[in-house]
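Commentary on secondary and tertiary structure
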Amino acid sequence: MRGLASAFRALTLTAAALLAVTATSPAARATPEPGAPQEFVALRTAAPTIIQEMRYTTAHNFIGEPIDGYHQGVCILTRPAAQALKRAQRQLLRQGYSLKVYDCYRPQRAVDHFVRWAKDLDDERMKEEFYPQVDKSRLFEDGYIAEKSGHSRGSTVDLTLVKLPAKKSRPYVPGEKLVPCHAPRNERFPDNSVDMGTGFDCFDTLSHTDDPRVQGEQRANRRLLKTTLAAVGFVNLPEEWWHFTHKPELFPDTYFDFPVSWRSLARP
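These lines cover the structure that appears in this document, whether it is placed above or below. (Residues numbered from 1 in each chain as written. Predicted model: local features only at pLDDT ≥ 70, side-chain atom pairs only at ≥ 80, totals over all residues. Heavy atoms only, no water.)

**Brief notes about the sheet that holds strand β6 (residues 234-236)**
Here is the rule we go by: Note: two strands are recorded as paired if DSSP finds a minimum of 2 bridges between them. Secondary structure follows DSSP: runs of H or I at least 4 residues long count as helices, runs of E at least 2 residues long count as strands, and numbering of each begins at the N terminus. Any two residues whose heavy atoms approach within 4.5 Å at even a single point are treated as in contact. Only the contacting stretch of a helix is used when fitting its axis, a line to C-alpha atoms as for every element, and angles between N-to-C directions run 0 to 180 degrees.
With respect to topology, 5 strands assemble into an open sheet ordered β2-β4-β5-β7-β6, the strand pairing being mixed. In this open sheet, the two edge strands, each paired with only one partner strand, are β2 (51-52) and β6. Relative to strand β4 (residues 97-103), β2 runs parallel, the two being bridged by 2 bridges. Bridge pairing in β4 links Gln 52 to Val 101. In this fold helix α3 (residues 79-93) packs onto β4, β5 (156-163), β6 and β7 (243-246), with an angle of close to 145 degrees to the strand it touches most, β4. The sheet strands contacting helix α6 (residues 216-230) are β4, β5, β6 and β7, and the helix crosses β5 at an angle near 125 degrees.

Rendered as C-alpha cells:
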C-alpha cells in the first residue's frame, strides 16, 4: 500500500508540474485585445449631453442578438468626429433638440458577424421589423450588407434627433411581436426620437434620405439632421438617413478591430 501511495503522489506532482508549465506557456496565455489608437476618444468625454442608445450591444437589431465586439455601450469615434458632434449638439440644443447615437466605431469582427448572418438564409428572426420587403438573399446585392464598413475607420456615426425634454425609450423584449420599420410611427417600435419616416437600420428604400415619398414633418426632420451635421463636416450616405461620415477621415484606408469598450481607450 505504501508503494501504491508513493506512486499516486508522484503522479499527482507530475500532473501539477505539467499544468504549471502549460499555464505559463505562451500558447496558454490569452492573446490581449488590441487597443484603440490615441486618436480615438469616447464621445461621452467630448459631448456628454448627446444621448447614446448603442443598439448593437442589445438584441434589438436586424440580427436579433448582441453583436461580436460590442463589449460595452460606449460610443467611440476619432477625436475630430467627436468634436464635430459636440459643435452640432451645441447648435441643436439651442433649438430644443439633442442628437442620439445608435452606432459609432464598429470593429471588423462585428462586420464579419453581419456577413455570417447574411449568408445564413434560414435565420430571419428579425425580418418582420428590419427587412420585411427585402429577400434576405439580396442583402449583399442590394448593398445592405458588405464585407467592409466605413464605421470601422472610426469617423462614421449612425444617429438621429430627439426633441427635448427627452422621453425615456422602453427596452426591447426579445420575442415580442415585431412591426415593420417603415410602418407609421405610432405602430412601429417606440423610440424617443423625432419621426424620420422609418426606424433606424430599416432595410428599405424609404430610408433613402431624399426619398420623394417622405414629406412633411418627416422630411423636415431629416433635413434638419443633415444640414446641421453638414455644417460641421459630416457627409450623409444617401441610402441611409441616419448614416454620416466626418471628412476628411483620419484613417481613410484602415479598418480597425479593437472591441467597443472603455478598456480599449485605456492608455498605457
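Next, the rest of the story.
**Notes on a negative patch on the surface**
To keep things clear, this is the line we draw: A patch consists of residues exposed above 30% relative accessible area that lack any salt bridge, with like charges linked at up to 9 Å and nonpolar side chains (Val, Leu, Ile, Met, Phe, Trp, Tyr) linked at up to 5 Å. To measure how exposed things are, a 1.4 Å probe is used in the Shrake-Rupley method; for residues, cover is taken only from the protein chains shown. Whenever Lys or Arg places a side-chain nitrogen within 4 Å of a carboxyl oxygen from Asp or Glu, that contact is recorded as a salt bridge. His residues and chain termini do not enter the charge count, which takes Lys and Arg as positive and Asp and Glu as negative. Note on charges: their place is set at NZ of Lys, CZ of Arg, CG of Asp or CD of Glu.
Together, Asp 120, Asp 122, Glu 124 and Asp 135 make up a negatively charged patch on the protein surface. Counting through the fold element by element, Asp 120 comes out in the loop between α4 (108-119) and α5 (127-130).

**Side note on the state of the cysteines**
For clarity, the threshold we go by: For the purposes of this analysis, a disulfide is any pair of cysteine sulfur atoms at a distance within 2.5 Å. Relative accessibility under 20% of the residue-type maximum defines a buried residue, over 50% an exposed one, and the middle range a partly exposed one, all with a 1.4 Å probe and only protein chains included.
One pass over the structure, following the stated rule, counts 2 disulfides. There is a disulfide in this structure between Cys 75 and Cys 104, and the S-S distance comes to 2.0 Å. Because the sign of the S-S torsion sets the handedness, a value of about -105 degrees for the bond joining Cys 75 and Cys 104 places this disulfide among the left-handed ones. Placement of the pair is Cys 75 in the loop between β2 and β3 (76-78) and Cys 104 in the loop between β4 and α4, with a sequence separation of 29 residues. Residue Cys 104 is classed as buried on the basis of its relative accessible area of 0%. The disulfide bridge from Cys 181 ends at Cys 202, spanning 2.0 Å between sulfur atoms. With the S-S dihedral at roughly 65 degrees, the linkage between Cys 181 and Cys 202 falls on the right-handed side.

**Examining α4**
Along an α-helix, residues three or four apart share an orientation, since each turn contains 3.6 residues. Filter applied, for reference: Here, expected helix span is obtained from the residue count minus one, scaled by 1.5 Å.
Taking 1.5 Å as the rise per residue, α4 with 12 residues should run 16 Å; its terminal C-alpha atoms sit 17 Å apart, in good agreement. α4 sits mainly inside the fold: 9 of its 12 residues count as buried. By the burial criterion, the buried members of α4 are Gln 108, Arg 109, Ala 110, Val 111, His 113, Phe 114, Val 115, Trp 117 and Ala 118.

**Considerations on the environment of Leu 164**
Structurally, Leu 164 can be placed in the loop between β5 and α6. You can call Leu 164 partly exposed: its relative accessible area is 33%.

**As for the pairing of β4**
Most of β4 sits out of view: 7 of its 7 residues are buried. Direction of pairing for β4 relative to β5: antiparallel, over a ladder of 6 bridges. Following the sheet pairing, Ser 98 is matched in β5 by Val 162.

**Considering a positive patch on the surface**
On the surface, Lys 86, Arg 87, Arg 90 and Arg 94 cluster together into a patch of positive charge. For Arg 87, the location among the structural elements is in helix α3.

**A few points about the packing of aromatic side chains**
Put simply, the rule is: Two aromatic rings, drawn from Phe, Tyr or Trp (for Trp, its six-membered ring), form a pair once their centres lie within 6.5 Å of each other, and the interplanar angle then sorts them: stacked below 30 degrees, edge-to-face above 60, tilted otherwise. Put simply, a charge is over a ring when the Lys NZ or the Arg CZ is close to the ring centre, within 6 Å, and near the line of the ring normal, within 35 degrees.
Taken as a whole, this structure holds 21 aromatic pairs when the rule is applied. The interplanar angle of 10 degrees and the centroid separation of 5.0 Å between the aromatic rings of Tyr 144 and Phe 203 together place this pair among those described as stacked. Highlighted residues: Tyr 144 in the loop between α5 and β5 and Phe 203 in the loop between β5 and α6, separated in sequence by 59 residues. Residue classification places Tyr 144 among the partly exposed positions, given a relative accessible area of 21%. Through successive ring pairs, a cluster of aromatic residues spans Tyr 56, Phe 62, Tyr 70, Tyr 102, Phe 114, Trp 117, Tyr 131, Tyr 144, Phe 200, Phe 203, Trp 241 and Trp 242. The positively charged end of Lys 148 is found above the aromatic ring belonging to Tyr 255, 5.0 Å away from the centroid.

By themselves, these observations are geometric and do not establish any function.
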